[in-house]
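What the coordinates show
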Amino acid sequence: VKSMRGELSTIDGPGMNCVCMDNVEETREAVILGDKQYALLKNTEDGTLRLKNGPSKIFMHAHEKVEKVATNECLGRKEYCLVSHSITGNTRIVEGPCVVKVEVHETVGEVLEKLSLTEQQYVIIEDKSTGMRRAEYGPVIVTPNAYEEALTVQKLPVLQAGEFIRVTDVKTGVVKMVTGPNVFRPSPYDQMEKIGNLPLLSKGEYCKLKNEESGQIRVVVGPELVELGPYDEVVLKAMLPVLKVGEYCKLKNEESGLMRVVVGPSLVELGPYDEVVLSAMLPVLEVGEYCVVKNTENGGKHIVLGPCIIELDVFDEVCVQPSKLPVLNKDEYVRITNEETGSISTTFGPKVVSLGPYDKVEEVMKCPDLAADEYLVVRNEEDGLMRNMEGPLLFQPGPFDVFEKPRKVINLKKNEYIRLRDDAGFIRVVRGERRMLPGPL
C-alpha cells in the first residue's frame, strides 16, 4: 500500500482490510517455508538482508524482495559441515544429526563425513592455521574443526612379546624404543619405523650392538632376549667360538690393537671390539720330536721338545714344524749350522742330537769305517789343509772336513818300487819292502 505521502507499507492477511486514501500498489503471496527451507530477503531501499528459517509464513516488508528460497542441509549422525561468514570470514562447524540453520551472509560448505575410529585405529589432526597437531584414538567419532585437516587414519601398532618399534619425535628429535607386548599410541609428532624382532640369543650365541649416536659397541651373551636402546643397531649375531682340547685362538682388540690368546677347552668370551684373527690346533709333539717357535714381535726363538702340547703366546708362531730329533747310530754323524752365529759343528753317535733354536740340521751321514789296508785323504775347507787318515779307523769328520772314497794302502814287496808325483811336480821313488801311504797331495 502506498500512502498519499508516498510511503509504502504492508497489510498482512488473512482478512478484509479497508484502504481509504491509500493506493494498493501490489498484492503479494506470502512466502511459505517448509521445515527444512529458508528464505533470504533483501531490502531494496537500504540493501540490507534478512534470513528466515522455516517452518514459517513470511509476509515481506514493503521494500523487501525474495533473493532466494533454498533448502537447508540435513546432516546425518556421522556428517558435519563448515559454515562460512562472507563478511567476517569466520567459519563455524555444524555437526549432525541436525538441519543446518544458516544466518545472513553465511554459506554452507561441503558436507563431510566424520571420522569413525575403531578401537585399533588412530588419526593425527593438523591445525592448518597454527601447524599444531593432535592425536585422536579410537573408539571415537572425530569431527575436525574449521581449520583442521585429518591425516590418514592408521592402525595402532600392536607389539607382541619380543617385538619392538623405534619411534622418533620429529618435533624434538628425541628417539625412543617401544617394546611389546603393547598396543602403542603414537603422539602427534611420532614417526615410526617398521616393527622388528628383538634379538633372541640361545646359549652360546652373542651379538654386538653399536650405539649409532655415541659409536660405542657392547656385547650381549645368551641365553637372553636382548633389550635394544633407541640408537642401538645389531652389527653382528653369531655363535661364540668353542675351543676343544688342543685348540686355541688369537683375539685382536680393534680399538686398542692389543691381542690375547685363549686356549681350549673353553667357550671364548668376546669383548665389544674383539675379532678372531686366528683359530687353529696347537702343535702336538710326540716323544723324540721338537719344533722351533718364533716371537714375531722381538724376533726371538726358542725350541720346544716333546712330548707336549705347545702353548703359543700372542706373538708366537711355529717357524720349524714338528720334526723328529736326529738319532745317530755309532757310525753316524750330522753337521749342524747355527743360523744366528753362522758357526758349524758336528755331532757323532750313538746319541739323540740336542738342538738349539737356531740350529739347522743337515743330512745324517755315515762315518767312514776304514779297514786296515785303507786310508782317507781329508781336506779342511776352512784352512785348506789336507791330511791322511789311516785305517783301521772309524773316522769322525770335523765340521769343515771333506773327503772322497777310501783308498787302498800300497804294500811294496822287496823287488817293487813306486814313483810318486806331488802337486808341485816333484817326483820321488819309494822302494820295497814296505807299507806305502801316499801323502795327501
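Presented here is an overview of the structure given in this document.

**Some remarks on the sheet that holds strand β24 (residues 205-211)**
Strand order in this open sheet of three strands is β25-β24-β27, and the pairing throughout is antiparallel. The sheet is open, and its two edges are formed by β25 (217-221) and β27 (232-239), each paired on a single side. Each adjacent strand pair in this sheet contributes to an overall mean axis angle of 20 degrees, direction not counted. Bridging between β24 and β27 involves seven bridges; their strand directions are antiparallel. Bridge assignment links K210 to a residue of β27, and that residue is E233.

**Some remarks on the packing of aromatic side chains**
This model, assessed by the stated rule, comprises three aromatic pairs. With 6.0 Å between their ring centres and 35 degrees between their planes, Y333 and F348 make a pair best called tilted. Residue Y333 is located in strand β39 (residues 332-338), and its partner F348 is located in strand β40 (residues 344-348); the two are separated by 15 residues in the primary sequence. Here Y333 falls in the buried class, since its relative accessible area comes to 2%.

**Focus: the pattern of salt bridges**
As a working rule, side chains carrying opposite charge can pair if their charged atoms are close by. Evaluated as defined, the whole model comprises 16 salt bridges. R50 is the partner of E64 in a salt bridge, and the nearest nitrogen-oxygen pair spans 2.5 Å. Highlighted residues: E64 in strand β5 (residues 64-71) and R50 in strand β3 (residues 49-53), separated in sequence by 14 residues. On the basis of relative accessibility, which here comes to 5%, the residue E64 falls in the buried class.

**Examining the nonpolar core**
Listed in full, the 11 residues of the largest apolar core are Y38, L40, L51, A70, L75, C81, V83, V94, V100, V102 and V104. Those elements that provide at least two residues to this core are β2 (37-43) and β7 (79-85). Setting aside anything within four residues of it in sequence, one finds L75 in contact with Y80, C81, V94, E95, G96, P97, C98, V100 and V111.

**Section: the side chain of N43**
Structurally, the position occupied by N43 is in strand β2. On the basis of relative accessibility, which here comes to 16%, the residue N43 falls in the buried class. A polar contact of 2.7 Å, which involves the side chain of N43, links it to the backbone nitrogen of E45. Not counting the four nearest positions on each side in its chain, N43 is found in contact with T48, H63 and E64.

**Quick notes on the environment of S323**
Inspection of the secondary structure assignment puts S323 in strand β37 (residues 316-324). On the basis of relative accessibility, which here comes to 26%, the residue S323 falls in the partly exposed class. For the pair S323 and K155, spaced 168 residues apart in sequence, the C-alpha separation works out to 73 Å. What S323 contacts, discounting residues up to four positions off in sequence, is G288, E289 and Y290. Side-chain polar atoms of S323 contact the backbone oxygen of Q321, separated by 2.8 Å.

**Observations concerning unusual backbone geometry**
Between G54 and the following residue, P55, the backbone shows a cis peptide bond with an omega angle of 0 degrees. Looking at where P55 falls in the secondary structure, it is placed in the loop between β3 and β4 (56-58). Geometrically, the link from G138 to P139 is a cis peptide bond, its omega value of 5 degrees lying close to zero. Residue H105 is not a glycine yet carries a positive backbone phi of 70 degrees. Residue position: H105 is located in the loop between β9 (98-99) and β10 (106-113).

**Some thoughts on the sheet that holds β3**
If you walk across this open sheet you meet the three strands as β3-β2-β5, and the pairing is antiparallel. Both outer strands of the open sheet, β3 and β5, are each paired with one neighbouring strand and no more. Strand-to-strand, the axes of this sheet are offset by a mean angle of 20 degrees, without reference to chain direction. In terms of strand pairing, β2 meets β3 through five bridges, oriented antiparallel. What sits directly across from L41, in β3, is R50.

What counts, and where the lines are drawn
- Residues numbered from 1 in each chain as written.
- Predicted model: local features only at pLDDT ≥ 70, side-chain atom pairs only at ≥ 80, totals over all residues.
- Heavy atoms only, no water.
- Pairing = 2+ DSSP bridges.
- Helix = DSSP H or I, 4+ residues; strand = E, 2+ residues; numbered from the N terminus.
- Axes fitted to C-alpha atoms, helices over the stretch in contact; angles between N-to-C directions.
- Phe/Tyr/Trp six-rings, centres within 6.5 Å; stacked < 30°, edge-to-face > 60°.
- Buried < 20%, exposed > 50% of the residue type's maximum accessible area, 1.4 Å probe, protein only.
- Salt bridge = Lys/Arg side-chain N within 4 Å of Asp/Glu carboxyl O.
- Core = buried A, V, L, I, M, F, W, Y, C linked by side-chain atoms within 4.5 Å.
- Contact = heavy atoms within 4.5 Å.
- Polar contact = N/O pair within 3.5 Å; in protein donor to acceptor, adjacent residues only side chain to side chain.

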